[in-house]
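Reading the structure
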Number of protein chains: 2
Amino acid sequence: MTLAAATPDLIRALSETLPEGRVTPVPDAYLTEPRGRYTGTSQALVRPVNTAEVAEVVRYAARHRIGIVPYGGGTGLVAGQVGLGAPTLLVSLERMDKVRLVDPDDNVMIAEAGVILKDAQDAAQAADRLFPLSLASEGSARIGGLLATNAGGVQVLRYGNARELCLGIEAVLPDGSVFDGLKRLRKDNTGYDLRNLLIGSEGTLGIITAASLRLFPRPVETATALVATEDPDAALRLLALMRARLGETLSAFELMHRQGLDFLAETMPETRQPFAEPPEWSVLIEAGAGQGAMVAARLQDALAEALEDALIQDALIAQTGQQAASFWDIRERIPEANRLIGAIASHDISVPVSLVPEFIRRGDAALHAMDPSLRINCFGHLGDGNLHYNLFPPKGGDRAAFDNSRKALTECVHDLAHALGGSVSAEHGIGRLKTADLVRYGDPAKLAAMRAIKAALDPLGIMNPGAVLDA
Amino acid sequence: MTLAAATPDLIRALSETLPEGRVTPVPDAYLTEPRGRYTGTSQALVRPVNTAEVAEVVRYAARHRIGIVPYGGGTGLVAGQVGLGAPTLLVSLERMDKVRLVDPDDNVMIAEAGVILKDAQDAAQAADRLFPLSLASEGSARIGGLLATNAGGVQVLRYGNARELCLGIEAVLPDGSVFDGLKRLRKDNTGYDLRNLLIGSEGTLGIITAASLRLFPRPVETATALVATEDPDAALRLLALMRARLGETLSAFELMHRQGLDFLAETMPETRQPFAEPPEWSVLIEAGAGQGAMVAARLQDALAEALEDALIQDALIAQTGQQAASFWDIRERIPEANRLIGAIASHDISVPVSLVPEFIRRGDAALHAMDPSLRINCFGHLGDGNLHYNLFPPKGGDRAAFDNSRKALTECVHDLAHALGGSVSAEHGIGRLKTADLVRYGDPAKLAAMRAIKAALDPLGIMNPGAVLDA
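All residue numbers refer to positions counted from 1 along the written sequence of the respective chain. Chain A is the first chain written and ligand 1 is the first ligand written, with later ones labelled in order. Residues qualify for local features only when their pLDDT is at least 70, as the model is predicted, and side-chain atom pairs are given and counted only at 80 or more; totals for whole chains, interfaces and linings, by contrast, use all residues. Side-chain metrics in this entry use all non-hydrogen atoms of the structure; hydrogen atoms and water are not considered.

1. Side note on empty space enclosed by the protein
- Cavities and pockets are found on a 1 Å grid laid over the protein atoms alone: a cavity is a set of points where a 1.4 Å probe fits but cannot escape, a pocket is an open set with protein on both sides within 12 Å along at least five of seven lines, and a lining residue has an atom within 4 Å of such a point. Grid points are joined across faces, edges and corners, and a volume is the space filled by probe spheres set on the points. For the structure shown, the criterion picks out 7 cavities of 30 Å³ or more.
- The calculated volume of the largest cavity comes to roughly 950 Å³.
- Along its surface, the largest cavity is lined by 48 residues, and Arg158(A), Glu248(A), Arg158(B), Tyr159(B) and Glu248(B) are the ones closest to its centre.
- Helix and strand definitions follow DSSP, with helices as H or I runs of at least four residues and strands as E runs of at least two, each counted in order from the N terminus. Those elements that provide at least two residues to the lining of the largest cavity are helix H5 (156-159) and strand E11 (216-217) of chain A together with helix H5 (156-159) and strand E11 (216-217) of chain B.

Here's what the structure looks like:
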């Protein structure tokens with residue numbers, strides 16, 4: 001089914017059906033994505049202020065068979081937010097930025113799709129609660145996009161992905177109907193799980209307009225440490241030890257290769273390096289719990305045990321909140337350092353946790369066999385088996401020199417993750433970047449079911465055309 | 001689309017395509033359900049031993065347009081496992097009862113659909129891990145059925161429903177294709193969430209044949225208490241206090257009305273009653289954590305605080321594992337006592353946690369206004385806002401006398417739950433008992449999407465016909 005282009009006439013007519021100012025030309029910033037690989041072709045920016053207006057836009061698009069690209073904070077890394085091909089409507093949820101409710105008794109918040117993650121975190125904190133979703137782009141990423149892509153981040157180990165933090169959603173479906181699923185229930189077994197189907201569907205089955213989100217008690221005691229370890233095998237044994245000693249209070253376990261620290265030194269020399277000599281591998285560990293759970297003492301004891309067992313060579317335990325923040329700063333700045341260095345290719349893979357060391361060993365060997373000059377920055381959420389495994393040119397080298405080998409390098413990484421029972425997109429999604437990977441590595445029965453579902457819910461194919469399932 | 005009946009000829013032919021002994025007549029026990037309200041009309045029992053055989057059966061059914069009713073442990077309470085109308089094939093997964101893998105490093109177990117929950121728990125325990133799904137029927141309920149119905153139980157507060165405990169599934173789809181989604185990953189954002197769509201779809205979109213399940217560290221320290229409280233308001237404030245003091249170590253918070261204890265005394269007088277005088281309301285509390293988390297001391301302190309604040313009147317803290325088990329025994333025997341008394345109507349509702357007291361107050365008043373002789377046994381998972389709110393005739397009365405008022409009583413309960421933003425099926429599902437409720441209370445856009453998905457994935461309508469979505 002061919003879509004119509006969003007022509008100036010169609011855009012003008014849409015503009016007239018909506019209140020003043022909803023439809024404008026598209027500023028350039030909306031047409032690019034963080035890694036600068038795609039430039040969108042959307043012809044109009046639509047910024048509805050409420051769910052009824054979103055529904056109005058979708059009905060209009062359905063009537064005229066125009067494609068819609070939903071837009072959150074624009075921080076997606078797989079170009080799910082960038083319309084390509086025939087001109088589309090770029091529908092930004094940014095004006096739907098109200099936190100409708102924070103209820104600390106029920107531990108629930110209702111936030112509109114355009115609420116920035118940081119603002120959601122702050123609203124929870126103001127009610128003495130924690131909204132635990134946390135990731136590097138939290139100052140720009142918005143709730144709708146975070147749910148549409150089932151975002152992960154640094155606290156998945158303990159609290160789960162965006163999906164697990166969502167009790168209900170409100171969404172506009174491709175026919176313009178509004179799914180009012182903003183329930184605040186922990187348990188509701190009435191029919192198919194439409195919420196989870198929309199979460200992670202990257203705007204191809206509807207536009208999420210609001211969500212009820214789970215809140216948690218704020219950890220009263222928090223303990224943070226940065227440790228040096230020899231290799232991923234030792235880090236894995238350290239993870240098992242921390243789990244045994246800290247149980248579910250363990251909220252973050254972030255592995256970082258020295259390459260990341262070197263990139264920081266190279267691109268942001270003002271960043272305070274925690275170790276005198278950057279260790280080959282380091283791990284950022286955080287635990288938190290309620291009053292009396294003694295997490296600081298337990299973490300300290302566990303680290304002493306780890307030192308004794310030679311699982312780690314050095315341990316810095318944050319003595320103040322500021323010191324903890326500086327450890328996190330290291331971790332959170334790595335993606336920006338990567339961006340400044342300029343990756344040849346970035347990968348967001350996951351494998352069963354126990355196979356992470358094997359993945360790194362085999363991956364490093366295979367890639368360096370292809371090109372010994374490659375710099376590999378491997379970091380990520382070891383506790384989730386999720387690594388960001390990014391490839392860079394040698395120092396002073398030009399990534400353009402790798403234009404011909406990029407595809408083979410990525411295939412090497414993805415083939416390996418797949419062979420180990422892993423995923424080629426652990427937390428970033430498919431977007432437009434990985435549609436071919438989905439076909440290559442996806443389960444055929446699942447793909448067929450996905451196509452059937454897409455055709456059933458969006459028979460015109462107007463919702464985020466070209467994303468996830470290529471036309 | 002009309003289904004064909006499973007005629008003797010069709011059954012014989014199916015029997016010949018499968019190895020000896022797979023197809024037999026249906027013993028009566030398979031045609032009833034725990035509450036004895038429905039009697040199935042299935043004409044053949046099919047017991048495949050592996051996924052390929054399940055796929056073979058589904059392809060055969062698709063070819064001949066025969067309905068299939070998937071059957072797990074037969075413990076469902078909404079008749080999802082009972083085929084009605086034209087004769088169907090009853091496909092029991094009981095012979096697929098292997099635990100394929102227990103991996104304590106990755107905290108994952110792969111279990112076939114026919115594994116009994118208790119066996120799955122035991123397999124986890126043998127590897128020093130916890131599989132936390134726990135409910136009264138765990139000695140009979142099987143993994144496939146538990147996932148197909150997204151079962152809840154007594155540890156949802158901490159660990160979530162069946163859905164949250166499942167990392168991946170293998171399933172036979174309605175066209176006989178096999179979805180091989182047995183990944184062992186915490187993070188995998190490659191396409192639509194087919195796993196969660198099948199979980200909770202009650203066999204209407206496919207047959208789950210195996211699952212990879214999340215394991216957890218076994219709590220080393222556990223503390224269990226049974227407390228007496230005046231009313232649900234006090235219980236709710238107690239919940240908030242326990243959450244503040246025990247954080248996520250709090251794993252169960254089960255509210256019980258005195259009626260349940262009275263039923264126990266009436267039907268199972270051998271059960272040791274914990275309190276000399278059954279309190280109007282009691283709460284079973286459990287917390288667990290790793291070594292050094294001091295849960296026993298923290299629970300004791302929190303209960304002392306609760307006594308001081310008059311949130312509770314009495315507290316029994318289990319001093320031994322045996323005593324803890326005897327507290328749980330009380331809670332777990334209530335459903336059986338209910339069965340022996342014979343309910344007029346049973347309800348499995350949820351409301352936002354903060355509204356539980358209001359639900360009980362208004363529900364009791366409305367029902368007693370309709371019939372002051374009713375006995376109401378209200379018990380359930382207060383921490384999840386999920387109550388089993390069951391109605392019984394007066395002592396010595398006959399439930400048949402309520403045949404004419406049953407519908408109105410249930411409507412009263414369900415209308416109230418719905419009005420409070422709740423669900424009319426919190427954990428049992430829709431099955432065949434609540435299809436009308438789904439239409440009455442369900443979101444219209446969601447219902448339309450469900451019908452579209454059902455038609456897309458099961459165009460012949462062979463999978464569990466009549467369940468969830470009425471024909």
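On we go.
2. Topic: the side chain of Glu286(B)
Residue and element names in this part refer to chain B.
- Mapping glutamate 286 onto the fold places it in strand E14 (residues 281-289).
- Remark: exposure states derive from per-residue accessible area (1.4 Å probe, protein chains only) relative to the maximum for the residue type, with buried under 20%, exposed over 50%, and partly exposed in between. By the counting scheme adopted, Arg and Lys are positive, Glu and Asp are negative, and His together with the chain ends is not counted. Salt-bridge detection follows one rule: a side-chain nitrogen of Lys or Arg within 4 Å of a carboxyl oxygen of Asp or Glu. Within the buried core, glutamate 286 has no salt-bridge partner, and the shortest N-O distance to an opposite charge, that of arginine 158, equals 8.0 Å.
- Any two residues whose heavy atoms approach within 4.5 Å at even a single point are treated as in contact. Sequence-distant contacts of glutamate 286, that is, excluding residues within four places in its chain, are made with Thr222, Ala223, Thr224, Thr249, Leu250, Ser251, Ala252 and Trp328.

3. Brief notes about the relation of the copies chain A and chain B
- We place the copies in one frame by least squares, fitting the C-alpha atoms of every residue whose pLDDT is at least 70 in both. Superposing chain A onto chain B requires a rotation of 180 degrees together with a translation of 0.0 Å along the rotation axis, leaving an RMSD of 0.0 Å. With respect to symmetry, the two chain copies, as superposed, fit the operation of a two-fold axis. Rotation axis and chain A: the residue whose C-alpha lies nearest the axis is Ala293(A), separated from it by 2.6 Å.
- The share of interface residues of chain A whose copies in chain B are also at the interface is 100%, consistent with both copies meeting through the same surface.

4. Structural notes on the sheet that holds strand E2 (residues 44-46) of chain A
Residues and elements named next belong to chain A.
- Two strands are counted as paired when DSSP detects at least two bridges linking them. Within the open sheet, the 4 strands sit side by side as E1-E2-E4-E3. Their pairing is mixed. Edge strands, defined here as strands with exactly one partner in the open sheet, are strand E1 (23-24) and strand E3 (68-71).
- One ladder, built from 4 bridges, connects E3 with strand E4 (residues 89-92); its direction is parallel. Looking at the pairing, isoleucine 68 lines up with leucine 89 of E4.

5. Section: the pattern of salt bridges
- Tallied over the entire structure, the rule returns 64 salt bridges over all chains.
- Here Arg440(A) makes a salt bridge to Asp415(A), at a shortest N to O gap of 3.1 Å. Of this pair, Arg440(A) sits in helix H13 (residues 435-441) while Asp415(A) is found in helix H12 (residues 406-419), placing the two residues 25 residues apart along the sequence.
- By relative accessible area, which is 45% here, Arg440(A) ends up partly exposed.
- Relative accessible area serves as the criterion here: at 31%, Asp415(A) is assigned to the partly exposed category.
- Close ionic contact of Glu270(B) with Arg333(B) constitutes a salt bridge, the shortest N to O distance being 3.7 Å. Placement of Glu270(B) in the loop between helix H8 (258-267) and E14 and of Arg333(B) in helix H10 (residues 321-341) is noted, with a sequence separation of 63 residues between them.
- Of the residues examined, Glu270(B) reaches a relative accessible area of 58% and is grouped as exposed.

6. With respect to the interface of chain A and chain B
- Taken together, the 79 residues of chain A in the interface contact 79 residues of chain B.
- Note: buried area is the sum, over both parts, of the accessible area (probe 1.4 Å) each one loses when the two are combined. At the boundary of chain A with chain B, total buried surface from both sides reaches about 6200 Å², with 54% on carbon and sulfur atoms.
- Of all residues in chain A, Lys187(A), Asn189(A) and Tyr192(A) give up the largest surface area on contact with chain B, accounting jointly for 17% of the area buried on that side.
- Applying the counting criterion to the chain A and chain B interface returns 8 salt bridges.
- The term polar contact refers here to a pair of N or O atoms within 3.5 Å; inside protein, the definition further demands a hydrogen-donor-capable atom paired with an acceptor-capable atom, and it admits residues adjacent in sequence only when both atoms are side-chain atoms. Taken together, the links from chain A to chain B amount to 44 residue pairs in polar contact (both at pLDDT 80 or more).
- Counting residues per element, the ones that place at least two in the side of chain A that touches chain B are H5, strand E9 (178-181), helix H6 (194-198), helix H7 (232-246) and helix H14 (444-457) of chain A.
- Amino acids outside the nonpolar list (Ala, Val, Leu, Ile, Met, Phe, Trp, Tyr, Cys, Pro) and the charged list (Asp, Glu, Lys, Arg) are all regarded as polar, and Gly is one of them. Here the side of chain A that touches chain B is composed, by residue class, of 30 nonpolar, 28 polar and 21 charged.

7. Digging into the UniProt feature "domain: FAD-binding PCMH-type" (unreviewed entry) in chain A
- This chain's UniProt record puts "domain: FAD-binding PCMH-type" (unreviewed entry) on residues 38-218 of chain A.
- In this annotation, residues 38-218 of chain A is assigned 22% helix and 24% strand; the end-to-end C-alpha distance for the span is 40 Å. UniProt positions are given in the numbering used here, feature names are shortened, and annotations may be inferred rather than shown by experiment.

8. Describing the packing of H14(A) against helix H14 (residues 444-457) of chain B
- Running from N to C, H14(A) and H14(B) cross one another at 135 degrees; their axes reach a closest spacing of 9 Å. Overall, the two elements H14(A) and H14(B) adopt an arrangement that is oblique. Seen from above, H14(A) lies across H14(B) with right-handed handedness. Where H14(A) approaches H14(B), its residues Ala449(A), Ala452(A), Ile453(A), Ala456(A) and Leu457(A) are matched on the opposing element by Ala449(B), Ala452(B), Ile453(B), Ala456(B) and Leu457(B).
- Looking at the contact of H14(A) with H14(B) residue by residue, the classes come out as 10 nonpolar, no polar and no charged. Structural elements are reduced to axes, namely lines fitted to C-alpha atoms, with helices fitted over the stretch in contact, and the angle between N-to-C directions of any two is expressed from 0 to 180 degrees. Roughly parallel means an angle under 35 degrees; roughly antiparallel, over 145; roughly perpendicular, 65 to 115; everything else is oblique. Should the near helix be turned anticlockwise from the far one by less than a right angle, the crossing is left-handed, and should it be turned clockwise, the crossing is right-handed.

9. Remarks on the sheet that holds strand E6 (residues 108-112) of chain A
Residue and element names in this part refer to chain A.
- The strand order E5-E6-E10-E8-E9 describes an open sheet built from 5 strands, whose pairing is antiparallel. At either end of the open sheet lies a strand with only one pairing partner, and these are strand E5 (99-103) and E9. Strand-to-strand twist in this sheet, taken as the mean axis angle between neighbours without regard to direction, amounts to 15 degrees.
- Sheet topology note: the strand E8 (residues 166-172)/strand E10 (residues 207-214) ladder contains 6 bridges and is antiparallel. Each residue of the ladder has a partner; that of valine 172, found in E10, is isoleucine 207.

10. So, the packing of aromatic side chains
- In summary, the pairing rule links any two rings of Phe, Tyr or Trp, Trp by its six-membered ring, whose centres are within 6.5 Å, and it sorts them by plane angle into stacked for under 30 degrees, edge-to-face for over 60 and tilted for everything else. Tallied over the full model, the rule gives 8 aromatic pairs over all chains.
- Measuring from ring centre to ring centre gives 5.1 Å for Tyr30(A) and Tyr71(A), while their planes differ by 45 degrees; the resulting arrangement is tilted. Here Tyr71(A) lies in strand E3 and Tyr30(A) lies in the loop between E1 and E2, a separation of 41 residues in the sequence.
- Here the aromatic rings of Phe263(B) and Phe392(B) are separated by 4.7 Å at their centres, their planes lie at 75 degrees, and the arrangement is edge-to-face. Within this pair, whereas Phe263(B) is found in helix H8, its partner Phe392(B) is found in strand E18 (residues 386-392), the two being separated by 129 residues in sequence. Here Phe263(B) matches Phe392(B) in class, with each residue buried.

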